[in-house]
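Commentary on secondary and tertiary structure
Listed below are the residues making up each chain.
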Amino acid sequence: MKDRVPLSRCQRKLADVWLVGCAVIFLLLLGQSVGGKYGSQVEKAWSWFIPTVLPTLSVIVGAVAYQARRDPQRVTADRFAFRMSIGLSLFYLILVIATMLLQPFSRMTPLELMAVSNLWLGPVQGLVGIMLGVFFASRQS
Amino acid sequence: MRYIFHIITVALFSALLSTPSFAQSEVLDGTWVGMSPAAEGLLRLVIRGSEVRAFWTCRPNPCDLGLTIGTFYSLLPASSGSRAFIATFTPVFGEVVVIVSPRNATESQVQTYTRYSDGSGRADFADTQIFIRLDDRGSELQPMPPFPWPPPKWTSRYLLPDGLVTSGRPESLGTFFDRIVSVLRKAAVEEWSSYAIENDGFAIVSRLESIDDNGRPRPGAQRWGTRASAENVDSLKNYLTALFKARTGRYRVIAFIVTSLPVVAGAEPADAARMNRLLREGATALPESMRARVANSVRCEALVYEFFQASADEPMQLVESSHLTPTQHLAGAGLWRVEDLRQ
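Residues numbered from 1 in each chain as written. Chains lettered and ligands numbered in written order. Predicted model: local features only at pLDDT ≥ 70, side-chain atom pairs only at ≥ 80, totals over all residues. Heavy atoms only, no water.

Residues and elements named next belong to chain B. Residues with a pLDDT of 70 or more make up 85% of chain B, whose mean pLDDT is 82. Below a pLDDT of 50 lies the segment residues 10-23, which in the model reaches 2 contacts outside its immediate sequence neighbourhood of four places, other chains included. Here residues 137-141 is modelled with pLDDT under 50, and outside its nearest four sequence neighbours on either side it reaches 19 contacts, counting other chains as well. Among the prediction metrics, the complex's ipTM stands at 0.84, with pTM recorded as 0.62. (pLDDT = per-residue confidence, 0-100. Contact = heavy atoms within 4.5 Å.)

Core analysis: the biggest nonpolar cluster contains 42 residues, and A:Trp18, A:Ile25, A:Leu29, A:Tyr92 and A:Phe135 have the highest contact counts within it. If you list the elements that add at least two residues to this core, you get helix 1 (7-35), helix 2 (42-68), helix 3 (79-101) and helix 4 (110-137) of chain A together with helix 4 (236-244) of chain B. The element that contributes the greatest number of residues to this core is helix 1 of chain A, accounting for 10 residues. B:Leu173, B:Val181, B:Met290 and B:Leu335 belong to the second-largest nonpolar core, a separate cluster that totals 32 residues. (Core = buried A, V, L, I, M, F, W, Y, C linked by side-chain atoms within 4.5 Å. Buried < 20%, exposed > 50% of the residue type's maximum accessible area, 1.4 Å probe, protein only. Helix = DSSP H or I, 4+ residues; strand = E, 2+ residues; numbered from the N terminus.)

Right, let's talk about a nonpolar patch on the surface for a bit. Residues and elements named next belong to chain A. A contiguous nonpolar patch, built from Phe26, Leu27, Leu30 and Val34 and spanning about 400 Å² of accessible area, is present on the exposed surface. Relative to the assigned elements, Val34 resides in helix 1. Judged by relative accessible area, Val34 falls into the exposed class, the value being 71%. (Patch = residues over 30% accessible without salt bridge, like charges linked within 9 Å, V, L, I, M, F, W, Y side chains within 5 Å. Areas by Shrake-Rupley, 256 points an atom, 1.4 Å probe, with all protein chains shown as cover. Salt bridge = Lys/Arg side-chain N within 4 Å of Asp/Glu carboxyl O.)

Quick look at helix 3 of chain A now. Across its 23 residues, helix 3 of chain A extends 33 Å between first and last C-alpha, which sits within 8% of the 33 Å expected from 1.5 Å per residue. Among the residues of helix 3 of chain A, those classed as buried are A:Ala81, A:Phe82, A:Ser85, A:Ile86, A:Leu88, A:Ser89, A:Tyr92, A:Leu93, A:Val96, A:Ile97, A:Thr99 and A:Met100. Here the buried face of helix 3 of chain A lies against helix 1, helix 2, strand 2 (76-78) and helix 4 of chain A together with helix 4 of chain B. Sitting at the amino-terminal end of helix 3 of chain A is A:Asp78, which places a side-chain oxygen 3.2 Å from the backbone nitrogen of A:Phe80. (Expected span 1.5 Å × (residues − 1). Polar contact = N/O pair within 3.5 Å; in protein donor to acceptor, adjacent residues only side chain to side chain.)

To continue, consider the packing of aromatic side chains. Residues and elements named next belong to chain B. Taken as a whole and assessed by the stated rule, the structure comprises 15 aromatic pairs over all chains. Grouped by ring-pair contacts, the aromatic residues Trp56, Phe93, Tyr116 and Phe125 constitute a single cluster. Sitting over the face of the ring of Phe93, Arg122 holds its NZ or CZ atom 5.8 Å from the ring centroid. (Phe/Tyr/Trp six-rings, centres within 6.5 Å; stacked < 30°, edge-to-face > 60°. Lys NZ or Arg CZ within 6 Å of the ring centre and 35° of its normal.)

It is common to give the size of an interface as the accessible area lost on bringing the parts into contact. Taken together, the contact pairs 16 residues of chain B with 22 residues of chain A. Summed over both sides, the interface of chain B with chain A buries roughly 1,600 Å², with 51% coming from carbon and sulfur. At the surface where chain B touches chain A, the tally comes to 0 salt bridges. Taken together, chain B and chain A are joined by 6 residue pairs in polar contact (both at pLDDT 80 or more). Its residues assigned to classes, the side of chain B that touches chain A shows 9 nonpolar, 2 polar and 5 charged. (Buried area = accessible area lost by both parts, 1.4 Å probe. Nonpolar A, V, L, I, M, F, W, Y, C, P; charged D, E, K, R; others polar.)

The following block contains the structure:
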């Protein structure tokens, strides 16, 4: 029982991490769009944002909404899977934010950097997805 | 006995050097131009040995009929020493037979027989002109590339007053060219390309340079860079500006047009890629034949092509109406002082 944690609490923590991270990225991109950073290429910048965070965020928010209608205290999840999920999520979101914040130091244009960033964001996003799958599969009543 | 050998050797060499095969190609080598250019027909011949390239009247730029091999014929009686050189060109419109009969070292009679087979309905014709030889001895087998005429649409233009490039007196095109090049060098512009403008003048296109909003070149290597360099982020304010604002770019190309033809903009606006191609595809200097040509009533106009890049991810666009005047551009580039330009 020691290695089990209440699922609802884990999901809330994961949702908190992802909502805060996405809000930061969203506000950064909004500020850049309003500031004219991307000129007439704003759509391309937002096209990068959507697949970068939205799929994982949707899964987590959907899971929290689903769980809210059930008895939350009885369902538990694997502690290790939760820790890995939250650790990888934090790492991924920091990586996305760092990509945006470090652009002024790069010789690449903003959209070039966004395109190239898929090289390092893609694999980590894949790992986050796998770990979240393990975490949700570890639920027990 | 040794002296007799020397005399015989010298005599043999002299005889060898005076053979007709050596003399006949030598007598026509060079660039030949018509004294009274025809409305339609042959404009120029560039002969080296038995190779000949011909240029034909076309609008807006002369057409190159291509390179062909001609044949020398001795005219009877052979003792007269007179010869003719005959070459046949097969351009897209038909066939052109050119017969060159040298009169002396610098003048030839050139007969042209033109047959049209392109279905255009034009009548075949024969033409006789006197051509004179320019002094570059066949160095123009690669023809001077033509400047696109009419020139691409520009941002602004300025007719340079006499005394800067032209003087109002008849001078050679080479003199005008040297004046422009000297001014470019003084302004630290190390790259340019020159082009022929029809049979009349030339154009010099400077390299695309990055400028600030006042028309002054950006400092150091940024002047010639179009690729974004890392932003200036030496303070928090600069960093935040770089993070949220677009990095805009302003660029310019100056084309100097020396011609007596009216300079009217073409329909197509210039784009930066085309201006870069112009820099790569032109010649750095004028051929001797063009340099020596004396021009009576040419003017020098500076055409300014200004480009603006709204963000690092967007292409440069031609500025159709700039807040910068042409004199601000020319003075900003360091070519002349404003007071010299407004004299």
